Amino acid sequence: MPQLNRDVRHPVSLTLNGKKVQGHAEPRMLLSDFLTHEIGITSCHVGCEHGVCGACTVLIDGNVSRACLTFAVQADGAAVDTAESLADDEGELSALQQAFKKHHGLQCGYCTPGILMSITAYLKEKPKPTEDELRDMLSGHLCRCTGYVGMVRAVLDYCENSGAGAKAE
Ligand code: FES
Ligand code: FES
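Trainee: Teacher, can you tell me more about the environment of Gln22 here?
Mentor: Residue position: Gln22 is located in strand E2 (residues 19–25). As for Gln22 and Ile39, which are separated by 17 residues in sequence, their C-alpha atoms are 7.8 Å apart. Setting aside anything within four residues of it in sequence, one finds Gln22 in contact with Pro11, Val12 and Ser13.

Following this line, the structure appears as structure tokens:
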């Protein structure tokens, strides 16, 4: 990365959920703060701010990433996907989101956007996980409300009814 003046706000361009956006960030501004305060995204939640809880999880160039551990300037030029990308333009929930709703995979919903993004990426690699595999993957996220049972049921139901290899969107 080139040398950056820490007092200067630098232009940061992203392809965010398929659309070009631009804002400005000081070199130490976190991607989570940039998405929330500079761009106006509401799904990138911050819990621990040190990479543990997973609430801030987004996809950067398709890779599961903690936005609280990423500087906004590091994401310049990247494709970033947040939970806003899951529903369609009319607000119709994706099949995965509908499965979460059906199986009570969320309560307060604070952890949910990050979890949905992790699951979305995971199912592209492993469209038919076992329950144990799914629980292992979900161990990378903290949820204070649900006990995870509804999430596991939701994903297994989604996988069963959407067919192997189906996209999570
Ligand atoms: S806020 Fe990023 S992992 Fe907890
Ligand atoms: S639904 Fe409340 S923290 Fe997970």
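Trainee: How should the nonpolar core be read in this particular structure?
Mentor: Most often, soluble globular proteins have nonpolar side chains that are buried together. Grouped together as the largest cluster of nonpolar side chains are 42 residues, with contacts concentrated most on Leu31, Ala67, Ala72 and Val155. Where this core is concerned, the elements lending two or more residues are strand E1 (10–16), helix H1 (31–39), helix H2 (95–102), helix H3 (112–125), helix H4 (131–138) and helix H5 (149–162). Residues from two domains meet in this core; each of domain 1 (10–85) and domain 2 (95–162) gives at least three. If we ignore the near neighbours within four places in the chain, the residues touching Val155 are Ala99, Ile119 and Leu134.

Procedures and definitions
- Residues numbered from 1 in each chain as written.
- Chains lettered and ligands numbered in written order.
- Predicted model: local features only at pLDDT ≥ 70, side-chain atom pairs only at ≥ 80, totals over all residues.
- Helix = DSSP H or I, 4+ residues; strand = E, 2+ residues; numbered from the N terminus.
- Contact = placed C-beta atoms within 7 Å.
- Core = buried A, V, L, I, M, F, W, Y, C linked by C-beta atoms within 7 Å.
- Buried ≥ 20, exposed ≤ 12 C-beta atoms within 10 Å, placed from the backbone.
- Domains from an automatic or database assignment.

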